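Descriptive analysis of the structure
Here's the letter readout for the chains.
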Amino acid sequence: VNEPIRDKGYAGWLRYESIEDEKVKQIYSNWCSMLSVTGQSGCLQTAKQELITGLQAMLGVQPSDWHDSTSNHLGRIVLGVAGSSPLIDQALAWSNHGASDSDGYAILSGTDEQGRYLALAGFTERGALYAVFHFLKLLQTRKELEGLAIQEIPRNGLRMINQWDNMDGSIERGYAGKSIFYENNRIVEDVTRVRDYARLLASVGMNAISINNVNVHQWETKLITNQGLTDVKRMAEVFRGYGIRLYLSINFASPIEIGGLTTADPLDLDVAKWWRARAEEIYSQIPDFGGFLVKADSEFRPGPFTYGRNHADGANMLAEAIGPYGGTVIWRCFVYNCLQDWRDRSTDRAKAAYDHFMPLDGEFKDNVILQIKNGPMDFQVREPVSPLFGGLTRTNQVLELQITQEYTGQQRHLCYLVPQWKEVLDYDTYALGEGSSVASTASGSLFKRPLGGMAAVSNIGNDSNWTGHDLAQANLFGFGRLAWNPSLSAEDIAKEWIQMTFSCDSEVEATLLRMLMDSRDIYESYTAPLGVGWMVNPNHHYGPNVDGYEYAKWGTYHFADCKGIGVDRTLSSGTGYSAQYHSPQSNVYESLDSCPDELLLFFHHVPYTHRLKSGKTVIQHIYDAHFEGAEQAEALLNKWDLLAAKIDTLRHERVRYRLVDQAEHAKEWRDAINTYFYRKSGIKDEHHRMIY
Ligand code: GCW
């Protein structure tokens, strides 16, 4: 029954391995012998429990209760929220304003007349829970506890996970087993796994989750009926214990499908009334319900377009229904024509989101957030940043990332995505001149928006290690860390994760760090040259198929012929997409001279003989990248093998199995792509390597 527990992958980064070094253990124990917690409710109880569990596991002892009268010289931990004790308030004194309504916290250590103290202080209970997880991390990563003065405030208000789980137990784009939430069209009875997931999420600061797929089918539509809500309520309780608010994806046509109405027109009074009644019921059962996540008028989902209304009409109607209870509507911008005629060269899918939503800027209510995918297409390994970031100035927004590796190797290939996300967050939109990063538009700080943040599609399922590929856990961890603080570096996040998940051994750390840090470039080099994307098998999106989408309706083309390749998205001769950016970015992309190599084929159609900034021709770059990428994929396996003695057999073999698979599959990618372009162009490889 407890099979997953024996798997070291199950605990993720919350392994809390017993500390072997007696000296270190003693030093830590001296700080942690007593515990005082003021307050009983909610997350604070969770925080206390987590602290005790972690200390017991790492130090082998539980702290005893501390009272004022307790004799001194024993280190005490004081855990609490603002106002609960002088020490807690002292720890939080650094913040003057703005912090008290956030999930921030502080960790302060020192010595007073009663002995050593360690204050774990949250502005809120949620903050106190984060302080505990942070403190336990200090032990996991063997940090010094003397003189701590840690102060943390999250940069993003919303730090959200989107599950694409269906009630039949399947997961759209899931690569790690079945859903942990549903079975046979019911919410699961046993919530153990859901609770363990909530722990993982809270430990990296996540505070919101939507628990069903944005494609809301028949059964999921019923989650907001009275009967459905009794089960949803149980889920909400589990997450509440970890400071995570629960959201549901809703079906815009619900008034018809479950409400007995004949329309879902957002301006119809009966429709609005129906949603208000649903909201009242939802909040009577789940007072802290987060709100609705909505995919409307996208990939065959219903939406306001059916009634000649726009997205603001749709979102605002829902926002009015849940607004009085503090709810938020998160409305996705992934809207485009998925029935395009490939012969039509004037329609450009990349332009669609901006074209749909820019005219509505400023028209959404304050409790609506637009959720925007990082790029204008769809989670490719390389895309430019969506121009809606920096475009929208009077609308709340949230950046949507995809942790699940739909287009990045499906958790069979290693692809640490944090470097990609960092590029997005650091990207300068120039919306208010230089220094207008995506991180600042998404968080809401740049345009002083009331709401904002980051959301990502989860990569977990019921596999005993959650993510299939053990190393894919780094992406879930990394997303949480970045949502908390987008300024963290991809390296630092990786190091933390390695130490917590595997070991503090320097060889393990160095080797694994390189593997992770190189992995995205490696994956890109054998799958998607120069920003072109989409050369995958249709539907499941795994493996090479250069023309898989070339004559399809989805608007995803590379336009390769015997002379050249790429999509002309310039204003002067192409679709004009480049003009959706602010200057100077629009000019950078518009001109062949300044467009960065890695996005060249996204913005330009060029001959195979075009010379890149690297000095190579496009065709030679394609050959080189694919040969080298496949070699590097193989080298990942060799590196991993060097760690065999330092990693438990189960996890080592499980990863090894996937790396073998990746190395083989990389060769298939290499040959399919090289052969395709050799046949198209007739140009030979300068290095005379084998092209079939
Ligand atoms: O990337 C595409 C996926 C769909 C997904 C859609 C979306 C949930 O292929 O499976 O549907 O994006 O983001 O809505």
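Residues numbered from 1 in each chain as written. Predicted model: local features only at pLDDT ≥ 70, side-chain atom pairs only at ≥ 80, totals over all residues. Heavy atoms only, no water.

Some words on the overall build of the protein
- Helices and strands together make up the secondary structure of the protein, namely 22 helices and 18 strands.
- A buried classification covers 63% of the 692 residues belonging to the protein.
- Once local pairs closer than 6 in sequence are excluded, the contacts in the protein between residues at least 24 apart make up 72%.
- Here the protein has roughly 25800 Å² of accessible surface; of this, 49% comes from carbon and sulfur atoms.
- Separation between the mean location of the 66 positive side-chain charges and that of the 86 negative ones in the protein comes to 1 Å. (Helix = DSSP H or I, 4+ residues; strand = E, 2+ residues; numbered from the N terminus. Buried < 20%, exposed > 50% of the residue type's maximum accessible area, 1.4 Å probe, protein only. Contact = heavy atoms within 4.5 Å. Areas by Shrake-Rupley, 256 points an atom, 1.4 Å probe, with all protein chains shown as cover. Lys, Arg positive; Asp, Glu negative; His and termini not counted. Charge placed at Lys NZ, Arg CZ, Asp CG, Glu CD.)

What about the nonpolar core?
- Among the nonpolar cores identified, the biggest contains 207 residues, and Phe 135 and Phe 677 are the most heavily contacted of them.
- In this view, Phe 677 contacts Met 535, Val 546, Ala 560, Ile 565, Tyr 608, Ile 619, Ile 622, Tyr 623 and Gly 682; residues no more than four positions away in its chain are not counted.
- Core analysis: the second largest hydrophobic core is formed by 11 residues, Leu 87, Ala 91, Leu 108 and Ala 121 among them. (Core = buried A, V, L, I, M, F, W, Y, C linked by side-chain atoms within 4.5 Å.)

Thoughts on the pattern of salt bridges
- Under the criterion given, the structure shown has 39 salt bridges.
- Taking the shortest distance from any N to any O, the salt bridge between Glu 17 and Lys 8 comes out at 3.7 Å.
- Residue Glu 17 is classed as partly exposed on the basis of its relative accessible area, which comes to 43%.
- Given a relative accessible area of 36%, Lys 8 falls into the partly exposed group.
- Across the pair Asp 671 and Arg 670 runs a salt bridge whose closest N-O atoms are separated by 2.9 Å. Like Arg 670, Asp 671 is buried. (Salt bridge = Lys/Arg side-chain N within 4 Å of Asp/Glu carboxyl O.)

Focus on the sheet that holds strand 5 (residues 115-122)
- Taken together, six strands build an open sheet; the order of strands is 2-1-3-5-4-6 and the sheet is mixed. Two strands in the sheet have a free side with no partner beyond their single neighbour: strand 2 (64-65) and strand 6 (149-152).
- In the sheet, strand 4 (residues 105-112) pairs with strand 6 via four bridges, with the strands oriented antiparallel. Among the inter-strand pairings, Ile 107 is bridged to a residue of strand 6, identified as Ile 150.
- The sheet contacts of helix 2 (residues 22-31) involve strand 3 (76-81), strand 4 and strand 5, and relative to strand 5 the element is tilted by about 75 degrees. (Pairing = 2+ DSSP bridges. Axes fitted to C-alpha atoms, helices over the stretch in contact; angles between N-to-C directions.)

As for unusual backbone geometry
- Here the amide bond leading from Ser 583 into Pro 584 is cis, since omega sits at 5 degrees, within 30 degrees of zero.
- Here Pro 584 shows up in the loop between strand 17 (564-565) and helix 19 (585-590).
- Phi at Tyr 430 takes a positive value of approximately 60 degrees, unusual for a residue other than glycine.
- Note that Tyr 430 resides in the loop between helix 14 (418-426) and helix 15 (438-443).
- Residue classification places Tyr 430 among the partly exposed residues on the basis of a relative accessible area of 23%.

Overview of helix 17 (residues 490-501)
- Over its 12 residues, helix 17 runs 16 Å from end to end, which matches the ideal 16 Å to within 8%, given 1.5 Å per residue.
- The element helix 17 is largely enclosed, with a buried count of nine among its 12 residues.
- The complete set of buried residues in helix 17 reads Ala 490, Ile 493, Ala 494, Glu 496, Trp 497, Ile 498, Gln 499, Met 500 and Thr 501.
- Buried residues in helix 17 make contact with helix 5 (125-140), helix 14, helix 16 (473-484), helix 18 (506-527) and helix 22 (649-681). (Expected span 1.5 Å × (residues − 1).)

Topic: the side chain of Ser 440
- Inspection of the secondary structure puts Ser 440 in helix 15.
- Judged by relative accessible area, Ser 440 falls into the buried class, the value being 12%.
- One polar contact links the side chain of Ser 440 to the main-chain carbonyl oxygen of Ser 437, over a distance of 2.8 Å.
- Those residues in contact with Ser 440 that lie beyond four places of it in its chain are Ser 445 and Leu 446. (Polar contact = N/O pair within 3.5 Å; in protein donor to acceptor, adjacent residues only side chain to side chain.)

Brief notes about the site of the ligand
- In the vicinity of the ligand lie 14 residues, with Glu 172, Lys 295, Arg 332, Asp 378 and Glu 406 positioned nearest.
- For the ligand, an oxygen atom lies 2.9 Å from a polar atom in the side chain of Arg 173.
- Side-chain polar atom of Lys 295 to an oxygen atom of the ligand: 2.6 Å apart, as the coordinates give it.
- The protein chains hide 97% of the 340 Å² of surface that the ligand would expose on its own.
- Among the residues making up the shell around the ligand, the classes are represented as three nonpolar, three polar and eight charged. (Near = heavy atom within 4 Å. Nonpolar A, V, L, I, M, F, W, Y, C, P; charged D, E, K, R; others polar.)

Here we look at the pairing of strand 1 (residues 34-37)
- Two strands pair when backbone bridges link them, and strand 1 and strand 3 are joined in this way by four bridges, in the parallel orientation. Looking across to strand 3, one finds that Leu 35 is bridged to Ile 77.
- Looking at chain direction, strand 1 and strand 2 are connected through two bridges and run parallel. When the bridges of strand 2 are listed, Met 34 appears paired with Ser 64.
- In this region the chain leaves strand 1, passes through helix 3 (residues 42-59) and returns to the parallel neighbour strand 2; the handedness of that crossover is right-handed. (Right-handed = clockwise from strand over helix to strand, strands pointing away.)

Here's the deal with the packing of aromatic side chains
- Evaluated as defined, the whole model comprises 33 aromatic pairs.
- Each ring, one from Trp 342 and one from Tyr 551, has its centre 5.0 Å from the other, and the planes form 85 degrees; the classification is edge-to-face. Within this pair, whereas Trp 342 is found in the loop between strand 13 (328-332) and helix 12 (352-357), its partner Tyr 551 is found in the loop between helix 18 and strand 17, the two being separated by 209 residues in sequence.
- Residue classification places Trp 342 among the partly exposed residues on the basis of a relative accessible area of 32%. (Phe/Tyr/Trp six-rings, centres within 6.5 Å; stacked < 30°, edge-to-face > 60°.)

Quick look at the packing of helix 14 against helix 16
- It is at 10 Å that the axes of helix 14 and helix 16 come closest, and there the two elements cross at 25 degrees. When the interaxial angle is binned, helix 14 and helix 16 end up roughly parallel. For the element pair helix 14 and helix 16, the recorded crossing hand is right-handed. On helix 16, the residues that touch Val 418, Trp 421, Lys 422 and Leu 425 of helix 14 are Asn 475, Gly 478, Phe 479 and Leu 482. (Parallel < 35°, antiparallel > 145°, perpendicular 65-115°, else oblique. Left-handed = near helix turned anticlockwise from the far one by under 90°.)

Here we look at the sheet that holds strand 12 (residues 291-294)
- One closed barrel holds the eight strands; their spatial order is 7-10-11-12-13-14-15-16, and the pairing between them is parallel. Neighbour to neighbour, the strand axes of the sheet diverge by 25 degrees on average, direction disregarded.
- In terms of strand pairing, strand 10 (residues 208-210) meets strand 11 (residues 245-249) through three bridges, oriented parallel. Within the sheet, the bridge partner assigned to Ala 208 lies in strand 11 and is Arg 245.

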